[in-house]
Amino acid sequence: MPPRKRATPGQGELLGMSSTKEIQDILWKAADKLRGSMDASQYKEFVLGLVFLKYVSDAFAERRAQLAADPELAEISEHRRAAFLEEKDEYTEANVFWVPQVARWDHISDNAQSAVDGVGKLLDDAMNAIMKENPTLTGVLPTIFNRDNVDKKRLKELVDLISDARFTGHGDRPAQDVLGETYEYFLERFARAEGKRAGEFYTPASVVRLLVEILEPYEGRVYDPCCGSGGMFVQSGKFVTERRGKDHSHDIAVYGQEANERTWRLAKMNLAIHGMDPRGVGDRWADTFVEDKHPDRKADFVLANPPFNLSDWARNTKDPRWRFGVPPQSNANYAWLQHIVSKLGERGSAGVILANGSMSSKQSGEGEIRAALVEADLMACMVALPGNLFRTTAIPVCLWFLTKDKTPQGAKALAERRGEVLFIDARNLGTMIDRTERILTDEDLVKIAGTYHAWRGTTSAKAKDVKYEDEVGFCYSATLEEIREHDFALTPGRYVGATKVEENPGAEPVEERIARLTKEIFVHLDESARLGQVIRERLECLHYDH
């Protein structure tokens, strides 16, 4: 009888777990042990690369099983059948990455313990083999597993955990769903772990969902000029799939770019693992202001979360994108906005996350640029968000929605909104999930997005028979004349007004309340002084005793 295989640390915990979230938590803890001497950004690439390798291998195995189930294969010889299952075109034509033998997870799992050069070399070879066979992944996958700062024993344990059957597609949940969720889970955990440094690659999920729910990118080109790890694209894809089914998942094409090399790699893997074409984010990372990777492309939808108040940026005063005024060197907010406007198609719309200061700043010509955007009737909606949505920064933020066409748009029969801007003050929405972080709930998203759709008269609003009405303290549709009267400040609070507080006839009169509270404060001050004297006397006794 062969000896029983010893369980990998962590596998014992897995046995009692059932939900994907619980299993992912255990995987995170196991991976975290590998951190060792790696810096945070390298470690992130390390773990997400491993999840991606598992995904491409599982997707390959699923396609192979589909091919093997073809009844016609049963009628040919075993030799020809095996050769057919190794034909690369049968996989690539189905948008499945070709995975060479040395990169298949079974091979890695079976040899992780006994590999002559170690598990790290095994994984590096697998990554290189996949990149060699799949040009769209060239330069994307990490080959850092065999470095001296990697604990090979714990790496082997992590490989065993990822090999667990619950990290494999099954039934109606293909590998893309299972490993896609795991990839997103890890991105979020890394963002939490890295705090402020995570801003470059991660936007909170509820904020991304709000942008997508308002823009409703059902079909066409979706663009993000600072795409981070690709979260805007992934959420757009989910939106289409959830509303119209998986058959429509390719109704949108995504394009973008990212300046950070490692973040660009994460975006490429994130798109691929969610079944989206990674070629849209270019063959190389690049700064949007230095090298526009999509100079002639126009988009139907632009979603973006640019770095807040960026001062160190490549400013060229003669750049033709500054149609509404040259943005200041001290802040790139209006450079991002004008770049995004330059990318909008004939009826394109955009949703952009910016710091609150962008709504009313007048420094270095920003007020003039904002006025020009308003006068060009490009502004559709402004949303003030509650604080603490971003774990990565304490800066309060808002959403800018711009559009090239506020007419009814023919057969769409939208509401005529030329010369109007919708203001939504959502600062009182959201729920704190811990001491420092707030999220927008599903109800919050429905309320904000529903208000916008009712104002614009979209199909989704008509289906619910919802009509727009101003709501004091929450939303207001302002004319351009009213915005001029406010000197082109776009802060929603200036337009929606304050909610009327109902008077309580039984409430204590203000004067009496002030007198009572003042008296209470004096009592507490007296008590504080008395306790201070007691402490002083006790300390002096201690001093004399010694």
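Residue indices follow the written sequence of each chain, beginning from 1 at its first position. Local features in a predicted model are, by the rule used here, given only for residues with pLDDT of at least 70; side-chain atom pairs are given and counted only at 80 or more, and totals for whole chains, interfaces and linings are based on all residues. Each side-chain value is worked out from all heavy atoms of the structure, with water and hydrogens disregarded.

In this scheme, strands are said to pair when DSSP sees at least two bridges between them. Starting at the N terminus, helices and strands are each numbered in turn, a helix being any DSSP run of H or I of at least four residues and a strand any DSSP run of E of at least two. With mixed pairing, eight strands are arranged side by side in an open sheet as 2-1-3-4-6-5-7-10. In this open sheet, the two strands that pair with only one neighbour each are strand 2 (252–256) and strand 10 (475–479). Going from strand to strand, the sheet's axes swing by 15° on average, the running direction of each strand aside. Alignment of strand 1 (residues 220–224) against strand 3 (residues 299–304), held across two bridges, turns out to be parallel. Note that in strand 3 the partner of Val222 across the bridge is Phe301. By definition in these notes, contact holds between two residues if any of their heavy atoms fall within 4.5 Å. Every angle, taken between N-to-C directions, lies between 0 and 180 degrees, and every axis is a line fitted to C-alpha atoms, over only the stretch in contact when it is a helix. Packed on one face of the sheet, helix 10 (residues 205–215) meets strand 3, strand 4 (344–355) and strand 6 (397–403) and runs near 155° to strand 4.

With that settled, the discussion passes to the packing of helix 13 (residues 333–343) against helix 14 (residues 366–375). Packed helix pairs are characterised by how far apart their axes lie and by the angle those axes make with each other. Where helix 13 meets helix 14, the closest approach of the two axes is 11 Å, and the angle between their N-to-C directions is 25°. Judged by the angle between their axes, helix 13 and helix 14 are roughly parallel. Crossing hand, helix 13 versus helix 14: left-handed. Between helix 13 and helix 14, the contacting residues are Tyr334, Leu337, Gln338 and Val341 on the first element and Glu366, Ile369, Arg370 and Leu373 on the second. Three classes are used: nonpolar for Ala, Val, Leu, Ile, Met, Phe, Trp, Tyr, Cys and Pro, charged for Asp, Glu, Lys and Arg, and polar for all others, with Gly counted as polar. Taken together, the residues of the contact of helix 13 with helix 14 break down into five nonpolar, one polar and two charged. Any angle between 65 and 115 degrees counts as roughly perpendicular, while under 35 counts as roughly parallel, over 145 as roughly antiparallel, and the rest as oblique. Left-handed is the label given to a crossing in which the near helix is rotated counterclockwise from the far helix by less than a right angle, and right-handed is the label when the rotation is clockwise.

Bridge analysis of strand 1 against strand 2 gives five bridges, and the strand direction is parallel. Directly across from Arg221, in strand 2, lies its bridge partner Ala253.

Our focus in this paragraph is the environment of Glu471. Inspection of the secondary structure puts Glu471 in the loop between helix 16 (459–463) and strand 10. Three exposure classes are used, based on accessible area relative to the maximum for each residue type with a 1.4 Å probe and protein chains only: buried under 20%, partly exposed in between, and exposed over 50%. On the basis of relative accessible area, Glu471 is assigned to the partly exposed category, the value being 39%. Counting along the chain gives 20 residues from Glu471 to Thr451, while the straight-line C-alpha distance between them is 9.9 Å. When neighbours within four sequence positions are excluded, Glu471 is seen to be in contact with Lys447 and Val496.

To continue, consider the pattern of salt bridges. Opposite charge on two side chains lets them pair, provided their charged atoms get close. Here, a salt bridge means any Lys or Arg side-chain nitrogen found within 4 Å of an Asp or Glu carboxyl oxygen. What the rule picks out here adds up to 29 salt bridges. Residues Asp405 and Arg347 are paired through a salt bridge, measuring 2.9 Å at the closest nitrogen-oxygen approach. In this pair, Asp405 is assigned in the loop between strand 6 and strand 7 (420–425) and Arg347 in strand 4, connecting sequence segments 58 residues apart. Between Glu420 and Arg417 there is a salt bridge whose closest N-O contact spans 2.9 Å. Residues Glu420 and Arg417 agree in their burial class; the two are buried. The structure contains a network of salt bridges with shared partners spanning Glu45, Glu261, Arg262 and Arg265.

It is worth spelling out the packing of helix 7 (residues 118–133) against helix 8 (residues 152–162) at this point. Following both chains from N to C, one finds helix 7 and helix 8 inclined at 55°, their axes separated by 8 Å at the closest point. On the basis of their axis angle, the class for helix 7 and helix 8 is oblique. Along its contact with helix 7, which presents Val119, Gly120 and Leu123, the element helix 8 presents Lys152, Leu155, Lys156 and Val159.

The next point concerns the environment of Leu445. On the secondary structure map, Leu445 appears in helix 15 (residues 442–456). According to the relative accessible area criterion, Leu445 is buried, its value standing at 4%. Between the alpha carbons of Leu445 and Arg209 there is a distance of 7.8 Å; along the sequence they are 236 residues apart. Once you skip the residues sitting within four places of it in the chain, Leu445 turns out to touch Ser206, Arg209, Leu210, Leu440 and Gly450.

Only Phe, Tyr and Trp rings take part, Trp by its six-membered ring, and two of them pair if their centres are within 6.5 Å. Stacked means planes under 30 degrees apart, edge-to-face means over 60, and tilted covers everything else. All told, the structure shown has 19 aromatic pairs when counted by the stated rule. Ring centres of Phe60 and Tyr91 lie 4.4 Å apart, and the angle between their planes is 15°; this geometry places the pair in the stacked category. With Phe60 in helix 3 (residues 40–68) and Tyr91 in helix 5 (residues 89–92), this pair connects stretches of sequence that are 31 residues apart. One exposure class covers both Phe60 and Tyr91, and it is buried. Through pairs of rings, three or more aromatic residues link up here, namely Phe289, Trp313, Trp322 and Trp336. A ring is considered to have a charge above it if a Lys NZ or an Arg CZ atom is located within 6 Å of its centre and within 35 degrees of its normal. When the ring centre of Tyr218 is taken as origin, the NZ or CZ atom of Arg244, which lies over that ring, is 3.9 Å away. The ring of Tyr223 carries the charged tip of Lys343 above its face, separated from the ring centre by 5.8 Å.

This paragraph deals with a nonpolar patch on the surface. Patches here are clusters of residues that have more than 30% relative accessible area and form no salt bridge, with a 9 Å joining cutoff for like charges and a 5 Å cutoff for nonpolar side chains (Val, Leu, Ile, Met, Phe, Trp, Tyr). Computed with a 1.4 Å probe, the accessible areas rest on the Shrake-Rupley method; for each residue, only the protein chains presented here act as cover. Residues Ile521, Phe522 and Leu525 make up a contiguous nonpolar surface patch of about 320 Å² in total accessible area. Here Phe522 lies in helix 19 (residues 510–545).

In terms of burial, strand 5 (residues 379–384) is largely enclosed, as six of its six residues are buried. Bridge count between strand 5 and strand 6: five bridges; the pairing is antiparallel. Bridge pairing in strand 6 places Cys381 opposite Phe401. Two elements, strand 5 and strand 7, share four bridges in a ladder whose sense is parallel. Of the residues in strand 7, the one forming a bridge with Met382 is Phe423.

All right, on to helix 15 then. Owing to its 3.6 residues per turn, the α-helix brings residues three or four apart onto one side. Expected helix span is given by 1.5 Å per residue-to-residue step, counting one fewer step than there are residues. Its 15 residues place the ends of helix 15 21 Å apart at the C-alpha level, agreeing with the 21 Å of an ideal helix rising 1.5 Å per residue. Taken together, the buried positions of helix 15 are occupied by Asp444, Leu445, Ile448, Ala449, Thr451, Tyr452, His453, Ala454, Trp455 and Arg456. On its buried side, helix 15 packs onto helix 10, strand 5, strand 7, strand 9 (438–439), helix 16 and strand 10. Gly457 lies just past helix 15 and shows a positive phi near 70°.

On average, the protein scores 88 in pLDDT, and the residues at 70 or more come to 90%. Every residue in residues 1–7 is under pLDDT 50, and counting partners more than four places away or in other chains gives zero contacts. Known as pLDDT, the predictor's per-residue confidence is scaled from 0 to 100.

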